[in-house]
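Single-letter residue listing:
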Protein chains: 2
Amino acid sequence: MSKPPLILSSLDVERIEGLLANMTSSEFAGKDILEGEIDRAEILAPEQIPPTVVTMNSTVRFLIVETGKEFALTLVYPRDQQGFDDRVSVFAPIGSALLGLSVGDEINWPAPGGRTMTVRVLEVLFQPERSGELHR
Amino acid sequence: MSKPPLILSSLDVERIEGLLANMTSSEFAGKDILEGEIDRAEILAPEQIPPTVVTMNSTVRFLIVETGKEFALTLVYPRDQQGFDDRVSVFAPIGSALLGLSVGDEINWPAPGGRTMTVRVLEVLFQPERSGELHR
């Protein structure tokens, strides 16, 4: 499968790699895949990140293509998930898939009955880097 | 897409429908799809559920086909998720996709970099109905 490299913030990568170093594959099913993606990512300084890229602590508006329904999620570190339904950990399967996506990208989510949903990134509602929060 | 109907416990369906009645699609992206699957499911009394089916509060052992790694998750109601990494809510995309699966079934999970992982149900380690906990 040929995919373009992800665009990641150097600060996000530093923090994510620090957390991954203390994790086993049984704690995070996508560990090996995420490590591989970081290795081939385009890593930029926080101030160089395009405003349409999903970075850590970004809030993203999505469309479910099949149903026309929209919703929003914020991509967080596990310690900040704290049971909030509108936050998703970067080490959950869905969170790890959101990191580095851009507006217009689509991914598939599993759905009941062996189905899949097509989820499209409509808008990055909040991105720390775009708001000048370069150390968040 | 033609898929076999899910096998669901009548008690699980009663509880899930009670919770769905108070939810909006913005709270649970797969609401419409889950309601449709319940409508076409094979609904059995708890004591008739085959021992290899994933029911509520079941603990399931999985294989990630691409990496050969195994892990386990317990499918719970949202009130029981409480931040445990090894529990997944039936109203999260991945949880909703697990309900009613059987040993040997495979589903796709989203993974970093726009990839997908193939996740196979290896074993139902614990199932309340099989253990005689018919009202759990």
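Computed from a predicted structure; not experimentally measured.

Student: How would you summarise the UniProt feature "domain: Regulator of nucleoside diphosphate kinase N-terminal" (unreviewed entry) in chain A if you had to cite specific residues and measurements?
Tutor: Annotation from UniProt places "domain: Regulator of nucleoside diphosphate kinase N-terminal" (unreviewed entry) at residues 4–43 of chain A. For the annotated span residues 4–43 of chain A, helix accounts for 52% and strand for 12% of the residues, and the straight-line distance between the end C-alpha atoms is 13 Å.

Student: Tell me about the interface of chain B and chain A, residues and numbers included.
Tutor: Facing the 31 residues of chain B at the interface are 31 residues of chain A. Taken together, both faces of the contact between chain B and chain A bury some 3100 Å²; the carbon and sulfur share is 67%. Per-residue buried area on chain B facing chain A is highest for Pro110(B), Pro112(B) and Arg115(B); these three make up 21% of the total on that side. On the surface where chain B and chain A come into contact, there are four salt bridges. The residue Asp32(B) makes a salt bridge to Lys69(A) at a minimum N-O spacing of 2.7 Å. Linking chain B with chain A are four residue pairs in polar contact (both at pLDDT 80 or more). Among the elements that make up the side of chain B that touches chain A, the one with the highest residue count is helix H2 (residues 31–40) of chain B (five residues). In terms of residue class, the side of chain B that touches chain A is built from 15 nonpolar, nine polar and seven charged.

Student: Quick rundown of the layout of surface pockets? Include the residues and the values.
Tutor: By volume, the largest pocket amounts to about 1300 Å³. Contributing to the lining of the largest pocket are 50 residues, with Gln81(A), Ala92(A), Gln81(B), Val88(B) and Ala92(B) lying nearest its centre. Within the residue set of the lining of the largest pocket, elements represented by two or more residues are strand E4 (70–76), strand E5 (87–89) and helix H3 (93–98) of chain A together with strand E4 (70–76), strand E5 (87–89) and helix H3 (93–98) of chain B. Across the lining of the largest pocket, the residue classes tally to 29 nonpolar, 13 polar and eight charged.

Student: Pulling in residues and values, what's your account of the packing of helix H1 (residues 10–20) of chain B against H2(B)?
Tutor: All names here are of chain B. Where H1 contacts H2, the axes come no closer than 12 Å and their chain directions differ by 145 degrees. The two elements H1 and H2 cross, and the hand of that crossing is left-handed. Across the interface between the two elements, Val13, Ile16, Glu17 and Leu20 from H1 touch Lys31, Leu34, Glu35 and Ile38 from H2. Here the contact of H1 with H2 is composed, by residue class, of five nonpolar, no polar and three charged.

Parameters and conventions
Along every chain, residues carry numbers that run from 1 in the direction the sequence is written. To read the labels, note that chains go from A and ligands from 1, taken in the order they are written. This being a predicted model, a pLDDT of at least 70 is required before a residue's local features are given, and a value of 80 or more before pairs of side-chain atoms are given or counted; all residues contribute to the totals for chains, interfaces and linings. The basis for the side-chain values is all heavy atoms of the structure; hydrogens and waters are excluded. UniProt positions are given in the numbering used here, feature names are shortened, and annotations may be inferred rather than shown by experiment. By the criteria applied, helices consist of DSSP H or I runs no shorter than four residues and strands consist of E runs no shorter than two, each listed in order from the N terminus. Contact definition: two residues touch when any of their heavy atoms are within 4.5 Å. Note on definitions: buried area is the accessible-area loss of two parts on being combined, 1.4 Å probe, summed for both. Here a salt bridge means any side-chain nitrogen of Lys or Arg lying within 4 Å of a carboxyl oxygen belonging to Asp or Glu. Polar contacts, as counted here, are pairs of nitrogen or oxygen atoms within 3.5 Å of one another; within protein the pair requires one atom able to donate a hydrogen and one able to accept it, and residues that are adjacent in sequence qualify only if both atoms are side-chain atoms. Residues were grouped as follows: Ala, Val, Leu, Ile, Met, Phe, Trp, Tyr, Cys and Pro as nonpolar; Asp, Glu, Lys and Arg as charged; and all remaining residues, including Gly, as polar. A 1.4 Å probe that fits but cannot get out identifies a cavity on a 1 Å grid over protein atoms alone, an open set with protein on both sides within 12 Å along at least five of seven lines counts as a pocket, and a residue lines either if it has an atom within 4 Å of a point. Grid points are joined across faces, edges and corners, and a volume is the space filled by probe spheres set on the points. Axis lines are fitted to C-alpha atoms, over the contacting stretch for helices. Their N-to-C directions set the angle, which ranges from 0 to 180 degrees. The crossing is said to be left-handed when, going from far helix to near helix, the turn is anticlockwise and less than a right angle, and right-handed when the turn is clockwise.

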